Amino acid sequence: MKKRRFHPLGWRTGPLVALAMAMGMLSGCLGNGPDIKTQRIMDNFKKDKQERIVVDRNYQVGQRFRVEPGQVMIRNKLYTMVNENAGAYQAEMPIGFIGDGLRIDIAEGTLFRVADRMLVNGRLANLIALPAPPPAAPDVNAIFANEDGFLAPAVLRGGKLVTFAEFAVLPEKAKLSPILRESVKTSAGYVNYDVIYHGNVEQPYKDCRPQRTPGSAKTKAAAPANCGSGLHLDLSLVQYDPLQLDRIKTHTRSLYPVLNKELQIPGLKVTIHEATPVYVVFEVTKDDNAYTKPQKY
């Protein structure tokens, strides 16, 4: 019988891990161009609230990247998407709406638009206009549904709210399905901008006062008369509209001074390590909007 020789678990994986680490270090030292340096983390879901967190950045804090004129130097997107009722419902199955002897049959696939909201038994419900009044009650022109789509015990009859003492829905758990649209939850914060690099120049500084530390008192100290000269980056700041994510809300282009190798970009601290007529090497050293701990959903 042939004897089998057993080895510790890591005897083969050790060299492979070392090789992978070496390759990772070589590839991660200096990104070059938008394709190599782009890393995206998209579509994390908060399942309990059906929220989608969009995180899309082309950099990592503490790593160096190289950018050439015309390329996106910084792409910074962090916002939460939520599903909201678009003001319409659809019947996913045939539904019988019965109240105090009145029956309204709703065919599968029927679309309803929300016309208004009214209080039904102390609860705000959506008033939904019927495509056509029922034959048995030609003066009924609307029914009601709660926000979750379950039908409420009332109709709009002759322009007045009429509630039912006896009410039923067939099938028992049938409801109208809200037609949803995804939109930005602005209360959760919204970061969505690109910084495009155009080039760099050496010119005099217009204002070389040290930047105020957040939380410290403002001072009225005048800027020094002679600030000297130094590196300025020619950058475009493109900010996008939260109501239409692909629409540019503002687009400004300016020369940004680099003081003590530091460049100030909204929400970021950036160190410029090298600047040539062909490219700039930069590193994001602080990101106010980055996650510091893993999120649990």
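Cut-offs and rules
- Residues numbered from 1 in each chain as written.
- Predicted model: local features only at pLDDT ≥ 70, side-chain atom pairs only at ≥ 80, totals over all residues.
- Heavy atoms only, no water.
- Helix = DSSP H or I, 4+ residues; strand = E, 2+ residues; numbered from the N terminus.
- Buried < 20%, exposed > 50% of the residue type's maximum accessible area, 1.4 Å probe, protein only.
- Contact = heavy atoms within 4.5 Å.
- Areas by Shrake-Rupley, 256 points an atom, 1.4 Å probe, with all protein chains shown as cover.
- Pairing = 2+ DSSP bridges.
- Axes fitted to C-alpha atoms, helices over the stretch in contact; angles between N-to-C directions.
- Phe/Tyr/Trp six-rings, centres within 6.5 Å; stacked < 30°, edge-to-face > 60°.
- Core = buried A, V, L, I, M, F, W, Y, C linked by side-chain atoms within 4.5 Å.
- 1 Å grid on protein atoms, 1.4 Å probe; cavity = no way out; pocket = protein on both sides within 12 Å on 5 of 7 lines; lining within 4 Å.
- Points joined across faces, edges and corners; volume = space filled by probe spheres on them.
- Nonpolar A, V, L, I, M, F, W, Y, C, P; charged D, E, K, R; others polar.
- Salt bridge = Lys/Arg side-chain N within 4 Å of Asp/Glu carboxyl O.

### What to know about the overall build of the protein
For the protein, the count of helices and strands is 2 helices and 20 strands. Here the protein holds 297 residues, and 34% of them are scored as buried. A separation of at least 24 residues holds for 59% of the contacts in the protein among residues at least 6 apart in sequence. Accessible surface, the protein: about 19100 Å² in total, of which carbon and sulfur atoms supply 54%.

### Topic: the environment of glycine 70
Turning to its location among the elements, glycine 70 is positioned in the loop between β4 (64–67) and β5 (72–91). Classification of glycine 70 as exposed rests on a relative accessible area of 57%. The spatial distance from the C-alpha of glycine 70 to the C-alpha of glycine 199 is 8.3 Å, given a sequence separation of 129 residues.

### A look at the sheet that holds strand β7 (residues 102–106)
The 3 strands lie next to each other as β7-β6-β13, forming an open sheet whose pairing is antiparallel. The open sheet is flanked by β7 and β13 (167–170), the only strands paired with a single partner. Direction aside, neighbouring strands of the sheet carry axes that sit 15° apart on average. One ladder, built from 4 bridges, connects strand β6 (residues 95–99) with β13; its direction is antiparallel.

### Digging into the packing of aromatic side chains
Counted by the stated rule, this structure contains 5 aromatic pairs. An angle of 40° between the planes, with centres 5.4 Å apart, marks the rings of tyrosine 79 and tyrosine 190 as tilted. Separated by 111 residues along the polypeptide, tyrosine 79 in strand β5 and tyrosine 190 in strand β15 (residues 190–204) bring together distant segments of the chain. What makes tyrosine 190 partly exposed here is its relative accessible area of 24%. Through successive ring pairs, a cluster of aromatic residues spans Phe97, Phe164 and Phe167.

### Some remarks on the side chain of threonine 276
Checked against the element boundaries, threonine 276 lands in the loop between β19 (268–275) and β20 (280–287). Judged by its relative accessible area of 17%, threonine 276 falls in the buried class. If we ignore the near neighbours within four places in the chain, the residues touching threonine 276 are Tyr197 and Asn200.

### Regarding the nonpolar core
Judged by nonpolar contacts, the single largest core of 25 residues is most densely connected at Met73, Ile74, Leu233, Leu263, Val270, Ile272 and Phe282. For this core, the secondary structure elements donating two or more residues are β3 (51–57), β4, β5, β15, β16 (229–241), β18 (262–265), β19 and β20. Sequence-distant contacts of leucine 263, defined by excluding residues within four places in its chain, comprise Met73, Leu233, Leu235, Tyr256, Pro257, Val258, Leu268, Lys269, Val270 and Ile272. Phe97, Ile106, Leu130 and Val155 belong to the second largest nonpolar core, which has 20 residues in total.

### Examining empty space enclosed by the protein
All told, the structure shown has 1 cavity of 30 Å³ or more when counted by the stated rule. Of the volumes computed, that of the largest cavity is approximately 40 Å³. In terms of lining residues, the largest cavity is bounded by Val195, Leu235, Leu237, Tyr256, Ile265 and Pro266. In terms of residue class, the lining of the largest cavity is made up of 6 nonpolar, no polar and no charged.

### A short note on the pattern of salt bridges
As enumerated under the stated definition, the model contains 11 salt bridges in all. Aspartate 139 is the partner of arginine 157 in a salt bridge, and the nearest nitrogen-oxygen pair spans 3.1 Å. Linking arginine 157 in strand β11 (residues 151–157) with aspartate 139 in the loop between β9 (123–129) and β10 (140–145), this pair joins segments that are 18 residues apart in sequence. Residue classification places arginine 157 among the partly exposed positions, given a relative accessible area of 32%. Classification of aspartate 139 as partly exposed rests on a relative accessible area of 37%. The closest approach of N and O atoms between arginine 247 and aspartate 241, which form a salt bridge, is 2.7 Å. Residue class for arginine 247 comes out partly exposed when judged on its relative accessible area of 39%.

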